[in-house]
Amino acid sequence: MKENFSKEKYEGIFKITHFCVKWLVRILYVAMIVVVIGLVAVLFIPRSNFSFNTNQLEDISFQFYNLFVRIEDFVSEGTYNIKSVLLIAGVSGVVNIGFIQLILIGIRKLILKVKEGSPFDFKNAEVLRRMGMFFIAGSIVLPLANTAMMSTLVHTFNVIGESRVNFAIDLQFVFMGLLIMVLAYVFSYGSYLQEEHDSTV
Amino acid sequence: MPIITRLDRLLAEHKMQLSELADQVGISLANLSNLKTGKVKAIRFSTLEKICEILQCQPGDILEYSQEPFSYSEE
């Protein structure tokens, strides 16, 4: 027996998702503005103002997955100019935040259309197709930005040991992108069926 | 489109308004108007059955096939 379609089952999920996505987009806009302002400021402030002594790193440590690392164990003592590090970190931040923002804006558009009651719309299919392309592009762009940042960090601070920063395409992003593009085709076909249904009396 | 509807002729014969027919058939006025002006791509048998029941006619009285281009504005 066919189950009757009920939108009420999903109303709660739509509301929560829309609320979270809406506020995340706003927060990321603010974060992006802060990073861009910081980047512009670093660009125009004279290089001499960016001297940094690694003695200030004493007792600073961070956790990388399950590894607990003390920064002073890896960085050579001395004074370094960190302007280039901050610039590259800013660019990397803009790229990462921008990518997340593009994906969230796409999700927000989809949710709004679904809430309106028209999930199968050619515009939704186009949004999904673009999101798939962003993921595939992101598999190269994001690792590139992050590699540039790590490389600058390693070379600026003369990280102890034979440090090497490798670039690798993020295959998870490639797979996600391809999956989303398959979904875009499904939505495109669904839109065609919806149109056929709507023009049947 | 080669399939044309003669709904307005039948409505005139029965002295019935389109809105009245839409109410009795159970479809929206917009959809029935689209059917009347040939803007729909398909009609369900259930809809055709109700129209025939209300207008006391045959499906052939409502639907006509014409290979020549037809304009609803001529009616």
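First, a word on what this report is: a plain description of the structure on this page. (Residues numbered from 1 in each chain as written. Chains lettered and ligands numbered in written order. Predicted model: local features only at pLDDT ≥ 70, side-chain atom pairs only at ≥ 80, totals over all residues. Heavy atoms only, no water.)

The number of helices and strands found in chain A is four helices and four strands. Sequence-ordered secondary structure for chain A, helices as α and strands as β, is α-β-β-β-β-α-α-α. Within chain A, the fraction of its 201 residues that count as buried is 30%. The long-range fraction of contacts in chain A, counting pairs at least 24 apart against all pairs at least 6 apart in sequence, stands at 80%. If you sum the accessible surface of chain A, you get close to 13500 Å²; carbon and sulfur atoms cover 67% of it. (Helix = DSSP H or I, 4+ residues; strand = E, 2+ residues; numbered from the N terminus. Buried < 20%, exposed > 50% of the residue type's maximum accessible area, 1.4 Å probe, protein only. Contact = heavy atoms within 4.5 Å. Areas by Shrake-Rupley, 256 points an atom, 1.4 Å probe, with all protein chains shown as cover.)

How big an interface is tends to be stated in terms of the accessible area lost upon association of its parts. Taken together, the contacts link nine residues of chain B with six residues of chain A. Summing the contributions of chain B and of chain A, the shared interface buries around 700 Å²; its carbon and sulfur component is 51%. Of all residues in chain B, Lys41, Ala42 and Arg44 of chain B give up the largest surface area on contact with chain A, accounting jointly for 66% of the area buried on that side. Counting across the chain B and chain A interface gives one salt bridge. Two residues, Glu196 of chain A and Lys41 of chain B, come together in a salt bridge whose shortest N-O distance is 3.1 Å. Across the chain B-chain A interface, the total number found is seven residue pairs in polar contact (both at pLDDT 80 or more). Split into classes, the residues belonging to the side of chain B that touches chain A amount to five nonpolar, two polar and two charged. (Buried area = accessible area lost by both parts, 1.4 Å probe. Salt bridge = Lys/Arg side-chain N within 4 Å of Asp/Glu carboxyl O. Polar contact = N/O pair within 3.5 Å; in protein donor to acceptor, adjacent residues only side chain to side chain. Nonpolar A, V, L, I, M, F, W, Y, C, P; charged D, E, K, R; others polar.)

What follows is about the nonpolar core. Residues Leu7, Leu21, Leu32, Ile51, Leu55 and Ile62 of chain B are the most contacted members of the largest nonpolar core, which totals 20 residues. Dropping the residues within four chain positions of it, Leu7 of chain B is found in contact with Leu18, Leu21, Leu32, Leu35, Lys36, Ile51, Leu55 and Ile62 of chain B. Of all hydrophobic cores here, the second largest spans eleven residues; its members include Val127, Met131, Phe135 and Leu142 of chain A. (Core = buried A, V, L, I, M, F, W, Y, C linked by side-chain atoms within 4.5 Å.)

One pass over the structure, following the stated rule, counts five salt bridges over all chains. Of the charged contacts, one joins Arg6 of chain B and Glu64 of chain B as a salt bridge, the two residues approaching to 3.0 Å between their closest N and O atoms. Highlighted residues: Arg6 of chain B in the loop between strand S1 (3–5) and helix H1 (7–13) and Glu64 of chain B in strand S2 (residues 63–65), separated in sequence by 58 residues. Taken together, the shared-partner salt bridges connect Glu126, Arg129 and Arg130 of chain A into one network.

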